Amino acid sequence: MSKISRRDFLKGSGAAALSAALVGLTGCAKEEGTPTPTPEAVHTPAPTPGSTAPVQDKLYTAYINPQREDYRSNTKELKTLFSPLKIGAIQLSHRMVKSAAGSATYLAGLTDELLQYYVNLAKGGVELIYVENVAAMEPPADGSPISQEALDFGKKMVEECGKYGASLGYQLMGFGMGENEMTVEQIHAKQEQWVRTAKALKEMGFKAVELNSAGFNMPAHFISRFHNKRTDEYGVGSIENRARFVTEWVQRVKEECGEDFIVQILMDAIEDNDNIANNPTIMTLDKEVTVPHTQVNTVEDGIALAQCFEKAGVDSMHLRIGPLGHHVAQFAGDLYFILNGIEGANGFGMQYDFDRHWQGKIIGDTQGAGMLLDVAAQYKAALNIPCGAVTYMDPAHAPDLFEQALEDGKVDFLLMTRPLTVDMEYVNKLREGRIDEIAPCTRCLHCHIGSNEMNAVGAYCRVNALTQRVMREGGPAAYELTPAEKAKKVMVIGGGPAGMEAARIAALRGHDVTLYEKRGALGGLLDFAHMVKGPHENLLDLKNYLIRQLELAKVTVKTGTEVTADLIQSEAPDAVILAVGGLRDTLNVAGDGKTPVIEMDDFMFTDMGEKVIVYGSNAQSFDAALWLTVHKKHVTMVSPDAAIDFDKQQSQHAMRMMTTALYSLGVNSWPQASIKEVKDGQATILTETGVETVIPCDAIVNAADMLPNKGLLEGIAVSETYAIGDCESPFNIALAIRGGNDAGRAV
């Protein structure tokens, strides 16, 4: 059995877990009649004429969707971004609109948290805010009137947001499954229910309503050739028939609410079938036939439908991508870029080639930023109403990219949620040129309901410790910071995300804060995590943002200083916040001692053989497994933990991408297992069933779970102490920053 003893180790990066996948990984579509290429031949960059081809050191997956390194340039004034735009009767001074997605606040009902969430967005400079559906704000389906409480709440929300110049819209949505069985009378009843909701919203003071006709929602299923099997006037016999559910509703809303009440349609501007095993089956006269993925809506189909919507009276379009099988990727398609070296992995064991899939129209070389801009340009050219697009539209992330798209008229406005939720002052900061003060979205997708952390209720933000925690049990009581009753001398030990957040908050409250970091620079292991994970998650941006916040809060920073009990005693602080990271155990393996055990922080810099065991099941172990697999190692994962506990540090969405991709590339995992011994290049694994299996093993990477590391607090003569982040309870960046924020508020 493996034996563990303790050693010091700094925190590494987050990643995703491994589970079974049934569909094999495919790179790009093969033209009929051409030979099947070897993996190494697929999309290998061509050598310069007259030169020697470089030795390829990565798996073929890394060459299918090569990413640009220059797309984040910042040389332009954002004149078009901050130019006026008129949507129906609404006049805006800039081109950023809050989309109705990604905020779990609506699940709690008519709460102060819900109200303050939207008021803060208005304070931050957002001028048109679409509110995600709140059941209590909609009239009951039985036809009875909406409650006075809901009317009053809606009016208050409109009034409070209006104080900062913001107009409110509202998204109507409803997942659909039974459209093919609905009678015409039932269809009309559903339309009228949503018309009544629009009337109630207008009574509250809302200026716009959006019908979610994308993804898995009922209107989208009427539009879809994939889902719609009807043969009547709402069937697939014509574009007009498929559009009818939406167009009739639009006309009724305009009749009841007037021309000045804005109607926006959210739709999938382009579709692709990510789950190629999930093709529908239809009956012919003599047999069942599986229908291929050609039933997706093309850009041309979508434009024809949008023209019907415009003719019916729609004021603006909200465009997004439409994979048929994966809900979160429908509004967060940048998730396809979360795997460093397998960009395009789609969650079903397949890898998109963006030069070929999606009609070759998706921008696939900017880490998912603005990936729909070229598609939106086709809609804008065909329509006479403003067109907005979503999927990581973040001008602070790539200023020139988005300013140029607006200058070129590819899109009229950018629909955003995640960047605005991470930093609710986003618009004002960007307008004032304070781009280095904007907290970055790290695109981890913890914010979307369904993340699998056992200790999380719903979802949360990795960077903003208040999102979906504030005004809830266990979270901060308010968004605002309470000034310190008495300024204290606060010593923060550790310059990773937890320590920097704690120092920032404590200093902003009025304390005298000094942060100590034993290394020569701040950031903890964010640099290391960036090297493993690649650029997608913006971890260097997070580091730079936190460092800039320390400057603004006037925190004294001392790097290259290792804190000891004697130093604490000599400084005599009123409070100590410990954020030094966790401890990782040493992995001792029985055997002949010839197989190296490589520590997590060394694995990228250590020569090793081809057959590698990664020991562990946390996020870091899966990041290591991905990196090694992309660098052509044959990886096996072994962990003492049960499969259900694999990678609980990650959002389930990131985990899904990782699991299917790794499994399709041949990575095996052994949960509830141990390394019994390694000798003669062979590892004996004791599996969860009690049997042994032998696998080749040239090296072992130790990515075992970390342990708390609070020893420095023992015996010091300081009455107020806090341990936060991995030194208190090792988990992930999000909980480290949360702990830092809470400690900074408590001191």
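These notes cover the structure that comes with them. (Residues numbered from 1 in each chain as written. Predicted model: local features only at pLDDT ≥ 70, side-chain atom pairs only at ≥ 80, totals over all residues. Heavy atoms only, no water.)

### Observations regarding the packing of helix α13 (residues 526-533) against helix α14 (residues 539-552)
The geometry of α13 relative to α14 is characterised by a closest axis approach of 8 Å and an angle of 165 degrees between their N-to-C directions. As summarised for this structure, α13 and α14 are arranged roughly antiparallel, according to the angle between their axes. Classified by chirality, the crossing of α14 by α13 is left-handed. Contact residues: Leu526, Asp527, Ala529, His530 and Lys533 in α13; Leu539, Leu540, Leu542 and Lys543 in α14. Looking at the contact of α13 with α14 residue by residue, the class counts come to five nonpolar, one polar and three charged. (Axes fitted to C-alpha atoms, helices over the stretch in contact; angles between N-to-C directions. Helix = DSSP H or I, 4+ residues; strand = E, 2+ residues; numbered from the N terminus. Parallel < 35°, antiparallel > 145°, perpendicular 65-115°, else oblique. Left-handed = near helix turned anticlockwise from the far one by under 90°. Contact = heavy atoms within 4.5 Å. Nonpolar A, V, L, I, M, F, W, Y, C, P; charged D, E, K, R; others polar.)

### Thoughts on the pattern of salt bridges
The full count for this structure, using the stated rule, is 35 salt bridges. Two residues, Lys429 and Asp423, come together in a salt bridge whose shortest N-O distance is 2.8 Å. The residue Asp742 makes a salt bridge to Arg469 at a minimum N-O spacing of 2.9 Å. Remark: Arg469 occurs in the loop between α11 (426-431) and β14 (489-493) and Asp742 occurs in helix α18 (residues 733-746); sequence separation between them is 273 residues. (Salt bridge = Lys/Arg side-chain N within 4 Å of Asp/Glu carboxyl O.)

### As for the packing of aromatic side chains
Enumeration over the complete set of coordinates arrives at 14 aromatic pairs. Taking the centre distance of 6.3 Å and the plane angle of 85 degrees together, the rings of Phe175 and Phe216 count as edge-to-face. Note that Phe175 is positioned in the loop between β6 (167-172) and α3 (184-204) and Phe216 in the loop between β7 (208-213) and α4 (218-223), a separation of 41 residues in sequence. Between Phe222 and Tyr234 the ring centres are 6.2 Å apart and the planes differ by 65 degrees, which places this aromatic pair in the edge-to-face class. Of this pair, Phe222 sits in helix α4 while Tyr234 sits in the loop between α4 and α5 (239-257), and the two are 12 residues apart along the sequence. Ring pairing ties together the aromatic residues Tyr336, Phe337, Tyr352, Phe354 and Trp358, which thus form one cluster. Geometry around Phe348 places Arg656 over its ring, the cationic atom sitting 4.4 Å from the centre. (Phe/Tyr/Trp six-rings, centres within 6.5 Å; stacked < 30°, edge-to-face > 60°. Lys NZ or Arg CZ within 6 Å of the ring centre and 35° of its normal.)

### Digging into the sheet that holds strand β25 (residues 692-696)
Strand order in the open sheet made by the three strands is β23-β24-β25, with antiparallel pairing throughout. The sheet terminates laterally at β23 (674-679) and β25, the two strands that pair on one side only. Across the sheet, the axes of successive neighbouring strands diverge by a mean angle of 25 degrees, strand direction being ignored. (Pairing = 2+ DSSP bridges.)

### Comments concerning the environment of Val747
With respect to the secondary-structure elements, Val747 resides in the segment after α18. By relative accessible area, Val747 is classed as buried at 4%. (Buried < 20%, exposed > 50% of the residue type's maximum accessible area, 1.4 Å probe, protein only.)

### Here we look at the sheet that holds strand β21 (residues 634-638)
With parallel pairing, the five strands of this open sheet are ordered in space as β19-β26-β20-β21-β22. In this open sheet, the two strands that pair with only one neighbour each are β19 (597-599) and β22 (668-670). Averaged over all pairs of adjacent strands, the angle between their axes in this sheet comes to 25 degrees, without regard to strand direction. The sheet contacts of helix α16 (residues 619-630) involve β20 (611-615), β21 and β26 (699-702), and relative to β21 the element is tilted by about 165 degrees.

### As for the pairing of β21
β21 sits mainly inside the fold: four of its five residues count as buried. With respect to chirality, the unit in which β20 leads through α16 into the neighbouring parallel β21 is right-handed. Bridge count between β21 and β22: three bridges; the pairing is parallel. Looking at the pairing, Met637 lines up with Ser669 of β22. In this region the chain leaves β21, passes through helix α17 (residues 652-664) and returns to the parallel neighbour β22; the handedness of that crossover is right-handed. (Right-handed = clockwise from strand over helix to strand, strands pointing away.)

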